[in-house]
Amino acid sequence: MFPSNFAWGAATAAYQIEGGWDSDGKGPSIWDTFCHKGGGLVFEDHSGDVACNSYEFWEEDLKCIRQLGLTHYRLSLSWSRLLPDGTTKHVNQKGVRYYNKVIDDLLASNVIPMVTLYHFDLPQALQDRGGWKSPEMADIFDSYARFAFQTFGDRVKLWLTINEPYICAKLGHEDGIFAPGVKEPGMAAYLVGHNMLRAHARAWHSYHSLYRAEQGGAVSLAINSNWAEPENPTSPEDRAATERYLAFSLGWFAWPVFVTGDYPEVMRSRVELRSKGLSCQGCRLPVFSKSEPTILGTADFFALNYYTSRMVKPMSDLPQVSGFRGDRDAEEIVDPSWPVCGASWLAVVPDGLRKLLNYIKNTFNNPAVYITENGFSQVGPVNMDDVPRSRFYQDAIQEVARAIQEDGVDVRGYFAWSLLDNFEWADGFSVRFGLFHVDFSQPERKRSIYLSGREYAGIISKYRALTGTNNSQ
Ligand code: GBH
């Protein structure tokens, strides 16, 4: 059973759905630049130039949201649509008008918005100033966040500052497979993660001191992590590797915010150990300055993006060069008994979600948790009768119910990723996560509900009826 005020949601992100990449005064973001570079950085050189065209067809999205019976909808703001050069020197009123309409329409339909300030799409003008590697980003992000709280916070009460700093840092600055495509192994990712934490904390403190009393909302950051278990549970090496694996993913961002104000000890010691020859402390994994506002305590709830699980053991060929993988020294293995039927990385392990929720409860002092993303993808020919994904949602939601009822985890909401098929980053449109299919071959970008969408709508209506949740809460 779920609490009567449980949030039943679906999520999207601006660059993945909006299109209108240069409409009405929007500035370019790093994903515009990355996609326009071509050369196969993105599957078949797809881009989010048009995507689902939600910039023009927002009302079609609203119909989908209503059809599902959602209580909540998670969207992100395109920073460079609002502030074309990333700074508050110039505000694009047409961007403000767009999000005002989205928010007002949601509220008029009794759907509560959860708004992410930053979901991978940094204004290009800020990248040109060094992007997340630059320490000044904390200040610039804080100004943007204040602007957003000031402009939309009378109506938005659930905020996420940054989506998946791990992905921005690692895929964007270590592997270089996400924008901005920086490949500086063992260096840039730690710096970027650090500046994102500083930026997040600054925004939380701003909300806390300037807006909370009047607006009464809550602010967090969305942290993604796989669940992980030792390949051989009786092996101390495998167990230690699993601990490192979690420390270098969930712990990288959750430890500073929820536990100590600093990175997990094992992360620090591993990076230091492998930084021999670099003479300064914190050359690679930076040190938080005592003179800056603390990172500890800068989240009003825990926001978790969960997709999959891994078995873990130490690396068999530990690289000599310092890089994130070598620092972490944890090999990830997909258990052969786990089905993989969507994207190759997404082994289906619903009970991993329950285990991760328990881990969060026990490690981070029983926080209120929103599952801000969970989902399952489709590749290859379109299958509107997506039975595997319907099963996935049934199973995942069952695990959440068990976590609440049997384990006492304080889960406040569940957001399916995603409302719509959309631009799946480096995979372009080849990987489909939607509860609604989108026909990208036609200018109308027609939305059609999948079987899994009907399934999710059924689950929502069943629980809302059982708990007597009416539409007006
Ligand atoms: C989330 O990323 C994002 O928040 C969301 O925007 C995205 O659409 C969704 O999940 C689905 O991916 O094995 O080399 O192909 C989760 C992070 C990033 C995990 C890409 C899988 C594939 C790397 N995802 N990654 S690879």
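Just above sits the structure.
Here's what I pulled together on the structure shown here.

### Focus: the overall build of the protein chain
Then comes step 1: Of the regular secondary structure elements, the protein chain holds 15 helices and 15 strands.
Then comes step 2: Its C-alpha atoms give the protein chain a radius of gyration of 21 Å, near enough to 23 Å, the size a compact globule of 473 residues would have.
Then comes step 3: Seen through its C-alpha atoms, the protein chain measures out along the principal axes to roughly 60 × 50 × 50 Å.
Then comes step 4: Counting every position in the protein chain, which comprises 473 residues, the buried fraction comes to 62%.
Then comes step 5: Long-range pairs, those at least 24 residues apart, make up 75% of the contacts in the protein chain between residues at least 6 apart in sequence.
Then comes step 6: As displayed, the protein chain has an accessible area near 17,500 Å², and 51% of this comes from carbon and sulfur atoms.
Then comes step 7: Separation between the mean location of the 46 positive side-chain charges and that of the 56 negative ones in the protein chain comes to 3 Å.

### Some thoughts on the pattern of salt bridges
Then comes step 1: Per the stated rule, a full pass over the model turns up 30 salt bridges.
Then comes step 2: The partner of Lys 170 in a salt bridge is Asp 175, and the shortest N-O contact between them spans 3.0 Å.
Then comes step 3: Relative accessible area serves as the criterion here: at 25%, Asp 175 is assigned to the partly exposed category.
Then comes step 4: Residue Arg 402 is joined to Glu 399 by a salt bridge in which the shortest nitrogen-to-oxygen separation is 2.9 Å. A residue pair is termed a helical-turn pair when its members lie 3 or 4 positions apart in one helix, as Arg 402 and Glu 399 do in helix 14 (residues 387-405) at 3 residues.
Then comes step 5: By relative accessible area, which is 29% here, Arg 402 ends up partly exposed.
Then comes step 6: The buried category is assigned to Glu 399, whose relative accessible area is 10%.
Then comes step 7: Connected via shared salt-bridge partners are Asp 139, Asp 142, Arg 146 and Arg 202.

### Looking at the packing of aromatic side chains
Then comes step 1: Inspection of the entire model under this criterion finds 54 aromatic pairs.
Then comes step 2: Aromatic ring contacts, followed pair by pair, group Phe 2, Phe 6, Trp 8, Phe 376, Phe 392, Tyr 393, Tyr 414, Tyr 456 and Tyr 463 into a single cluster.
Then comes step 3: Lying across the ring of Tyr 55, Arg 81 places its NZ or CZ 4.0 Å from the centre.
Then comes step 4: The side chain of Arg 389 reaches across the aromatic face of Tyr 450, ending 4.7 Å from its centre.

### A word on the nonpolar core
Then comes step 1: If you look at the biggest cluster of nonpolar residues, it comprises 158 residues, and the most contacted ones within it are Trp 31, Trp 79, Trp 132 and Phe 141.
Then comes step 2: Per element, the largest residue contribution to this core is 11 residues, and it comes from helix 9 (residues 188-215).

### Considering helix 10 (residues 236-258)
Then comes step 1: Compared with an ideal rise of 1.5 Å per residue, which puts 23 residues at 33 Å, helix 10 spans 27 Å between its outermost C-alpha atoms and falls more than 12% short.
Then comes step 2: The sharpest bend along helix 10 comes to roughly 70°, located at Gly 251.
Then comes step 3: Of all the 23 residues making up helix 10, 17 are buried; the element is thus mostly covered by neighbouring parts of the structure.

### Overview of the sheet that holds strand 7 (residues 302-305)
Then comes step 1: Pairing in this closed barrel of 8 strands is parallel, and the strands run 1-2-3-4-5-7-10-12 around the ring. Sheet twist, expressed as the mean angle between neighbouring strand axes with direction ignored, is 25°.
Then comes step 2: Note: strand 1 (residues 7-11) against strand 2 (residues 72-76), 3 bridges, orientation parallel. What sits directly across from Ala 11, in strand 2, is Arg 74.
Then comes step 3: Helix 14 rests against strand 1, strand 10 (369-374) and strand 12 (411-417) of the sheet, and its axis sits at about 165° to strand 12.

### Topic: the environment of Ala 465
Then comes step 1: Along the chain, Ala 465 falls in helix 15 (residues 451-466).
Then comes step 2: In the structure, Ala 465 is positioned 461 residues away from Ser 4 in sequence and 9.4 Å away in space, judged by C-alpha atoms.

### A closer look at the site of the ligand
Then comes step 1: Near the ligand there are 14 residues, and of these Gln 16, His 119, Glu 373, Glu 424 and Trp 425 occur at the shortest range.
Then comes step 2: Take Glu 424: an N or O atom from its side chain is 2.6 Å from an oxygen atom of the ligand.
Then comes step 3: Bound to the protein, the ligand loses 79% of the 560 Å² it would expose on its own.
Then comes step 4: Of the residues belonging to the shell around the ligand, the class tally is 8 nonpolar, 3 polar and 3 charged.

### Some words on the pairing of strand 2
Then comes step 1: Of all 5 residues making up strand 2, 5 are buried, and the element is well covered by its neighbours.
Then comes step 2: Of the pairings in the sheet, the one linking strand 2 to strand 3 (residues 112-118) comprises 5 bridges and is parallel in character. Following the sheet pairing, Arg 74 is matched in strand 3 by Met 114.

### What about the packing of helix 5 (residues 93-108) against helix 7 (residues 137-152)?
Any two packed helices are characterised by how steeply their axes cross, that is the angle between the axes, and by the distance between the axes.
Then comes step 1: Two elements in contact, helix 5 and helix 7, have axes separated by 11 Å at closest approach and are oriented at 50°. Accordingly, the angle class assigned to the pair helix 5 and helix 7 is oblique. The hand of the helix 5/helix 7 crossing is right-handed. Only Phe 147, Thr 151 and Phe 152 of helix 7 make contact with helix 5, whose side of the interface consists of Val 96, Tyr 99, Asn 100 and Ile 103.

### Here we look at unusual backbone geometry
Then comes step 1: Residue Pro 180 is bonded to the preceding Ala 179 through a cis peptide linkage, with omega at 5°.
Then comes step 2: Along the chain, the position of Pro 180 falls in the loop between helix 8 (165-173) and helix 9.
Then comes step 3: The phi dihedral of Asp 24 falls on the positive side, at around 50°, and the residue is not glycine.
Then comes step 4: Locating Asp 24 in the fold gives a position in the loop between helix 1 (14-17) and helix 2 (30-37).
Then comes step 5: One non-glycine residue, Trp 425, lies in positive phi territory at about 50°.
Then comes step 6: Along the chain, Trp 425 falls in the loop between strand 12 and strand 13 (431-432).
Then comes step 7: For Trp 425, a relative accessible area of 4% gives the class buried.

### Thoughts on the environment of Ala 7
Then comes step 1: Mapped onto the fold, Ala 7 is located in strand 1.
Then comes step 2: Taking the C-alpha atoms as reference points, Ala 7 and Arg 244, separated by 237 residues in sequence, lie 32 Å from one another.
Then comes step 3: Here Ala 7 is in contact with Thr 71, His 72, Tyr 370, Arg 412, Gly 413, Tyr 414 and Phe 415, once residues within four sequence places are set aside.

Parameters at a glance
Residues numbered from 1 in each chain as written. Predicted model: local features only at pLDDT ≥ 70, side-chain atom pairs only at ≥ 80, totals over all residues. Heavy atoms only, no water. Helix = DSSP H or I, 4+ residues; strand = E, 2+ residues; numbered from the N terminus. Rg over C-alpha atoms; globule rule 2.2 N^0.38 Å. Buried < 20%, exposed > 50% of the residue type's maximum accessible area, 1.4 Å probe, protein only. Contact = heavy atoms within 4.5 Å. Areas by Shrake-Rupley, 256 points an atom, 1.4 Å probe, with all protein chains shown as cover. Lys, Arg positive; Asp, Glu negative; His and termini not counted. Charge placed at Lys NZ, Arg CZ, Asp CG, Glu CD. Salt bridge = Lys/Arg side-chain N within 4 Å of Asp/Glu carboxyl O. Phe/Tyr/Trp six-rings, centres within 6.5 Å; stacked < 30°, edge-to-face > 60°. Lys NZ or Arg CZ within 6 Å of the ring centre and 35° of its normal. Core = buried A, V, L, I, M, F, W, Y, C linked by side-chain atoms within 4.5 Å. Expected span 1.5 Å × (residues − 1). Bend = angle between axes of the 7 residues up to and from the residue. Pairing = 2+ DSSP bridges. Axes fitted to C-alpha atoms, helices over the stretch in contact; angles between N-to-C directions. Near = heavy atom within 4 Å. Polar contact = N/O pair within 3.5 Å; in protein donor to acceptor, adjacent residues only side chain to side chain. Nonpolar A, V, L, I, M, F, W, Y, C, P; charged D, E, K, R; others polar. Parallel < 35°, antiparallel > 145°, perpendicular 65-115°, else oblique. Left-handed = near helix turned anticlockwise from the far one by under 90°.

Remember that the coordinates give geometry; whether it matters functionally is a separate question.
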